[in-house]
Amino acid sequence: MKHWDGKYEAMRLEEMENYQLDSLQRTLRWAYERVPYYKNKFEDAGVSPEDLVTLQDLAKFPFTNKADLRDNYPFGLCAVPMHEVVRIHASSGTTGKPITGPYTREDIDQWAECMARNLYAAGVRSSDICQNAYGMGLFTGGLGFHQGAENIGCAVIPASSGMTERQVLLMQDFGTTVLFCTPSYALTIAEKAKDMGVDLRGLPLRVGIFGAEVWTAEMRESIEERLGIRAMEAYGLTEMGGPGVSFDCSEQNGLHISEDHFIPEIIDPITEEVLPLGAQGELVFTSIRRQAMPLIRYRTRDITTLRREGCPCGRTLIKMDKVYGRSDDMLIISGVNIFPSQIESLLLDVPEVEPQYVIILKKKGYLDTINIDVESRPDVYAAGKEKISEIEEKLASKIKGFIGVSAAVRIVPPKTITRSEGKAKRVLDQRGM
Ligand code: DLL
């Protein structure tokens, strides 16, 4: 079997578009008839579900954004009565109320199928032993991966995140072959294993499936090297049901979107205009299969590019690039727009430092300044002050050269930056302090 779902994953474009059109029309009617918010919103915009005749007509419909979800918290956008809801997830969010994610039984089944596609594309098979170190709970990562792996028939270890020493012991004792967690937690596990004198590269572990936070290609390489595995990717968000929205294949060149479930668009985040394939902008999704909380043109705030191209893996599903950053995380320093991922790429390119860093924003008078703390390798740190200053200067000039801003880079002692067990917090904004 080449793909988990031979029908949809390798559908001809024309067939896929017909399928999408039909499902989209159904979803628009479903939302309009069942959710007063959508009825009002469509009416305000002067559109009704009948106005969607071609897929391009989607552009006539209004966007949904995070504020709409917050204003309708917790279940204002729910399109089914509570007795049809079988589960509710939520994302913590950094500020304010969480985003809720209700599911019908069918939503859960569809989600598990999308996750099975994701895992299968990463090379997971029924003989695998999967250690699931995503947080198990309200967060969609834990149960999403769990169900996907069970659908394939794997042996799943619902380890959840944290208790890192135990993660290493489980890997040794149970013979884990596949790890699920955030990229930053994979680093934490690798470091703990090293401290325990365990060589992960010598264990049966062979694949990891990482997501839930922005991570660069350089970070992927670093993880592959430290754990002795292939690092594959999962992308998704609570608003679309969780992980399983897009995933990479053995090519590791862009993430295939399950576009029979989620129609993607890229827009200019300022003008809201739809951009052509290949242009970078904000990713927008319309879910076309979800029942409990379908979202129309949901603005994810994630910045990426869409590409439609033949893939040697045989999947015809449209691809998105690795997420470059979130529009909320974009830093504007001395008029220059910077994404933390640009800084990560540069730092990880320098062999003397560890992939552990934090970007601290401060205010000096009216000016915003950027400070970067990065850990050096223990041997480098032991080499003394002169060596440390040399690396600090090298990094600062690299950042100035490639990004165009002056950053104060500080090499900090090994193991002084807080380790992540889930989504890493890599930007500290102290400008208001
Ligand atoms: O993070 C769902 C998930 C769980 C995805 C496990 C992958 C693996 P939320 O907590 O709602 O849901 O956060 C969604 O996380 O809008 C992106 O900004 C970011 N994100 C998720 N996956 C990736 C990824 C889950 N592969 C938000 N690369 C999204 C970059 C990602 N960012």
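Residues numbered from 1 in each chain as written. Predicted model: local features only at pLDDT ≥ 70, side-chain atom pairs only at ≥ 80, totals over all residues. Heavy atoms only, no water.

**Overview of a nonpolar patch on the surface**
Then, in step 1: The grouping of F75, M82 and I88 at the surface amounts to a nonpolar patch, some 240 Å² of accessible area in total.
Then, in step 2: Within the secondary structure, M82 sits in the loop between helix 4 (66-71) and strand 1 (85-91).
Then, in step 3: Under the relative-accessibility criterion, M82 is labelled partly exposed at 42%. (Patch = residues over 30% accessible without salt bridge, like charges linked within 9 Å, V, L, I, M, F, W, Y side chains within 5 Å. Areas by Shrake-Rupley, 256 points an atom, 1.4 Å probe, with all protein chains shown as cover. Salt bridge = Lys/Arg side-chain N within 4 Å of Asp/Glu carboxyl O. Helix = DSSP H or I, 4+ residues; strand = E, 2+ residues; numbered from the N terminus. Buried < 20%, exposed > 50% of the residue type's maximum accessible area, 1.4 Å probe, protein only.)

**Details of helix 9 (residues 217-227)**
Structurally, the α-helix is built with 3.6 residues per turn, so residues lying three or four positions apart point the same way.
Then, in step 1: Residues M219, R220, S222, I223, E224 and L227 constitute the buried set of helix 9.
Then, in step 2: Backbone geometry just after helix 9 places G228 at a positive phi near 65°.

**A short note on empty space enclosed by the protein**
Then, in step 1: The tally for this structure, following the rule as stated, stands at two cavities of 30 Å³ or more.
Then, in step 2: Of the voids in this model, the largest cavity is the one considered here, and its volume is about 110 Å³.
Then, in step 3: In this structure, the largest cavity is lined by 14 residues; those nearest its centre are Q110, W111, M240, F262 and R290.
Then, in step 4: Elements supplying a minimum of two residues to the lining of the largest cavity: helix 5 (105-121) and strand 8 (242-248).
Then, in step 5: Per element, the largest residue contribution to the lining of the largest cavity is four residues, and it comes from helix 5. (1 Å grid on protein atoms, 1.4 Å probe; cavity = no way out; pocket = protein on both sides within 12 Å on 5 of 7 lines; lining within 4 Å. Points joined across faces, edges and corners; volume = space filled by probe spheres on them.)

**So, the sheet that holds strand 19 (residues 407-412)**
Then, in step 1: If you walk across this open sheet you meet the four strands as 19-18-17-20, and the pairing is mixed. In this open sheet, the two edge strands, each paired with only one partner strand, are strand 19 and strand 20 (427-429). On average, each strand axis in the sheet is tilted by 20° relative to the strand beside it, whichever way the strands run.
Then, in step 2: The pairing of strand 17 (residues 353-364) with strand 18 (residues 367-376) spans nine bridges and is classified as antiparallel. By the bridge assignment, V358 is partnered in strand 18 with D373.
Then, in step 3: The strands touched by helix 12 (residues 385-403) are strand 17, strand 18 and strand 19; relative to strand 19, the strand with the most contacts, the crossing angle is about 145°. (Pairing = 2+ DSSP bridges. Axes fitted to C-alpha atoms, helices over the stretch in contact; angles between N-to-C directions. Contact = heavy atoms within 4.5 Å.)

**What about the domain arrangement of the protein chain?**
Interfaces are often described in size by the accessible area the parts lose on coming together.
Then, in step 1: Examined at the domain level, the protein chain breaks down into domain 1 (1-328) and domain 2 (331-429).
Then, in step 2: Centre-to-centre separation of domain 1 and domain 2, based on C-alpha positions: 30 Å.
Then, in step 3: Tallying the contact residues gives 25 residues for domain 1 and 17 residues for domain 2.
Then, in step 4: Carbon and sulfur atoms supply 51% of the area buried between domain 1 and domain 2, which totals about 1800 Å² over both sides. (Domains from an automatic or database assignment. Buried area = accessible area lost by both parts, 1.4 Å probe.)

**Let's talk about the site of the ligand**
Then, in step 1: What surrounds the ligand is a group of 22 residues, the closest being E233, A234, T238, D302 and R326.
Then, in step 2: One of the backbone N or O atoms of A212 is found 3.1 Å from a nitrogen atom in the ligand.
Then, in step 3: Summarising the interface, the protein chains cover 94% of the accessible area of the ligand, which totals 610 Å² for the free molecule.
Then, in step 4: Among the elements of the structure, helix 6 (140-152) and strand 7 (230-237) are those that each provide at least two residues to the shell around the ligand.
Then, in step 5: Top element by residues in the shell around the ligand is strand 7. It accounts for five residues.
Then, in step 6: Of the residues in the shell around the ligand, the class split is ten nonpolar, six polar and six charged. (Near = heavy atom within 4 Å. Polar contact = N/O pair within 3.5 Å; in protein donor to acceptor, adjacent residues only side chain to side chain. Nonpolar A, V, L, I, M, F, W, Y, C, P; charged D, E, K, R; others polar.)

**Details of the packing of helix 2 (residues 13-34) against helix 3 (residues 36-44)**
Then, in step 1: One can describe the packing of helix 2 onto helix 3 by two numbers: an axis separation of 5 Å at closest approach and a directional angle of 105°. By the angle between their axes, helix 2 is roughly perpendicular relative to helix 3. Where helix 2 abuts helix 3, its residues L28, A31, Y32 and R34 lie against P36, Y38, K39, F42 and E43.
Then, in step 2: Looking at the contact of helix 2 with helix 3 residue by residue, the class counts come to six nonpolar, no polar and three charged. (Parallel < 35°, antiparallel > 145°, perpendicular 65-115°, else oblique.)

**Some details on the nonpolar core**
Then, in step 1: Of all hydrophobic cores here, the largest spans 48 residues; its most connected members are L179, F210, I223, I370 and L395.
Then, in step 2: The biggest single contributor to this core is helix 8 (residues 183-195), with six residues.
Then, in step 3: Three or more residues apiece are contributed to this core by two domains, here domain 1 (1-328) and domain 2 (331-429).
Then, in step 4: Residues within four places of I370 in sequence aside, it is in contact with L331, I333, I343, I359, I360, L361, V405, S406, A407 and A408.
Then, in step 5: Core analysis: the next-biggest nonpolar cluster, separate from the first, contains 39 residues, L58, F61, I257 and V323 among them. (Core = buried A, V, L, I, M, F, W, Y, C linked by side-chain atoms within 4.5 Å.)

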